[in-house]
Amino acid sequence: MTITTTPTSSFTIATRESRLALWQAQHVQSLLTSQGHQVALLGMTTLGDQILDRALSQVGGKGLFVKELEVALHEQRADLAVHSLKDVPMELPEGFSLACVMVREDPRDAFVSNQYDSLDALPQGAVVGTSSLRRVALLRALRPDLKIEPLRGNLDTRLRKLDDGLYDAIVLAAAGLKRLGLSARIRSEFDPAVMLPAAGQGALGIEVRTNRADVVQALAPLVHHTTWLAVAAERAVSRAMGGSCSMPLAAYATLAQDQLTLDAAWGDTAGVLPLVRVRLSGQVTDLDSAAAIGEQAAQELRRLVLAQGGSLAHLDLPAA
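Being a predicted model, the structure only gives us computed values, none of them experimental.

1. Section: the confidence of the model for the protein chain
Next up, step 1: For the protein chain, the average pLDDT comes to 88, and 87% of its residues sit at 70 or higher.
Next up, step 2: Counted against residues more than four places away or in other chains, residues 1-6, with its pLDDT under 50, gives 0 contacts.
Next up, step 3: Long-range and interchain partners of residues 48-61, a stretch whose pLDDT sits below 50, account for 23 contacts in this model, where long-range means more than four residues apart.

Written as structure tokens, this is what we have:
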């Protein structure tokens, strides 16, 4: 006698339609399917995908990549949305929550060039492309002689612009290149101690409506607790600093048993103030204790920025 099993649930994943976003959604789809669920994809083009002629910091920030997906969740056209966690705003709208953080890919930044092996190999005045104010601040601290130019578009578009000769090098997240099988494009990877990653970089986050306990339960086997603790600390730094695409902020945490070490940095993209960095360590037992370390790091960053002559209003820092 043949025994058939009935799928536990049927879910629809809302996703952007870039090649990387689809890979991420299909990855989650595969994992859920392997657990007996039926899973469909709802591809969408977000405003962040459409506006390519201006920096995100000028047109609304990271929320531009998730708003349409949240509308699909609200209208019950989708049950969950898969995001690159570094693109998820620090504060989600009421009625939405982060239900799952998955195991992290490589969190580092990648140096990509058709001519040069590393940042140090670039000649004076070379043109480097990046869409991140964090990377702008860190690159200028490392190589003030370089010409940093804006770079927008999905991963394939950015690589094509490099291949068209518009840049001598570009800086991308290593995770995206590796997920798409493009590791060969990486000439070198930055040591996080030199080029501190963005909060949540390399991790996938899954957003749901807060009242969807069934989806949260289905996602539970996909949760990677070590990654979630680390990114909770990182995102707390950014949240406490008012972090967005207009904030040149970096935060990266590692966990050894129950001891979390957090590095954070703030840089002045105008090059007037020096880069400030902090490192804090502490025992973590849950998301709240991890976030508390991030909040302490933000307080220390704020103190250092003000000590260097920065002002809250001029630097877009919230009041303490």
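2. Considerations on the sheet that holds strand β5 (residues 109-112)
Next up, step 1: Strand order across the open sheet formed by 5 strands is β7-β6-β8-β5-β9, with mixed pairing between neighbours. Looking at which strands have only one partner, the edges of the open sheet turn out to be β7 (147-150) and β9 (188-189).
Next up, step 2: On the sheet, helix α6 (residues 155-163) packs against β5 and β8 (169-173) and is oriented at approximately 165° with respect to β8.

3. Examining helix α9 (residues 225-240)
Next up, step 1: Between the first and last C-alpha of α9 there are 22 Å, a value that for 16 residues agrees with the 22 Å anticipated at 1.5 Å per step.
Next up, step 2: Burial within α9 is extensive, with 12 of its 16 residues counted as buried.
Next up, step 3: For α9, the complete set of buried residues consists of Thr227, Trp228, Leu229, Ala230, Val231, Ala232, Ala233, Glu234, Arg235, Ala236, Val237 and Ser238.
Next up, step 4: For α9, the secondary structure elements touched by its buried residues are β4 (96-101), β11 (249-256), β12 (259-266) and α10 (287-307).
Next up, step 5: Residue glycine 242 follows α9 closely and has a positive phi angle near 75°.

4. As for the environment of alanine 25
Next up, step 1: Residue position: alanine 25 is located in helix α1 (residues 19-34).
Next up, step 2: In the structure, alanine 25 is positioned 15 residues away from alanine 40 in sequence and 9.7 Å away in space, judged by C-alpha atoms.
Next up, step 3: Ignoring any residue separated from it by four or fewer positions in sequence, one finds alanine 25 in contact with Ile13, Thr15, Leu41 and Val82.

5. Observations regarding unusual backbone geometry
Next up, step 1: Phi is positive for glutamine 76, which is not a glycine, with a value near 60°.
Next up, step 2: Tracing the backbone through its elements, the reader meets glutamine 76 in the loop between α4 (67-74) and β3 (80-84).
Next up, step 3: Notably, glutamine 257 is not glycine yet its phi reads approximately 55°, a positive angle.
Next up, step 4: Assignment of secondary structure puts glutamine 257 in the loop between β11 and β12.
Next up, step 5: Residue glutamine 257 is classed as exposed on the basis of its relative accessible area of 80%.

Rules used in this analysis
- Residues numbered from 1 in each chain as written.
- Predicted model: local features only at pLDDT ≥ 70, side-chain atom pairs only at ≥ 80, totals over all residues.
- Heavy atoms only, no water.
- pLDDT = per-residue confidence, 0-100.
- Contact = heavy atoms within 4.5 Å.
- Pairing = 2+ DSSP bridges.
- Helix = DSSP H or I, 4+ residues; strand = E, 2+ residues; numbered from the N terminus.
- Axes fitted to C-alpha atoms, helices over the stretch in contact; angles between N-to-C directions.
- Expected span 1.5 Å × (residues − 1).
- Buried < 20%, exposed > 50% of the residue type's maximum accessible area, 1.4 Å probe, protein only.

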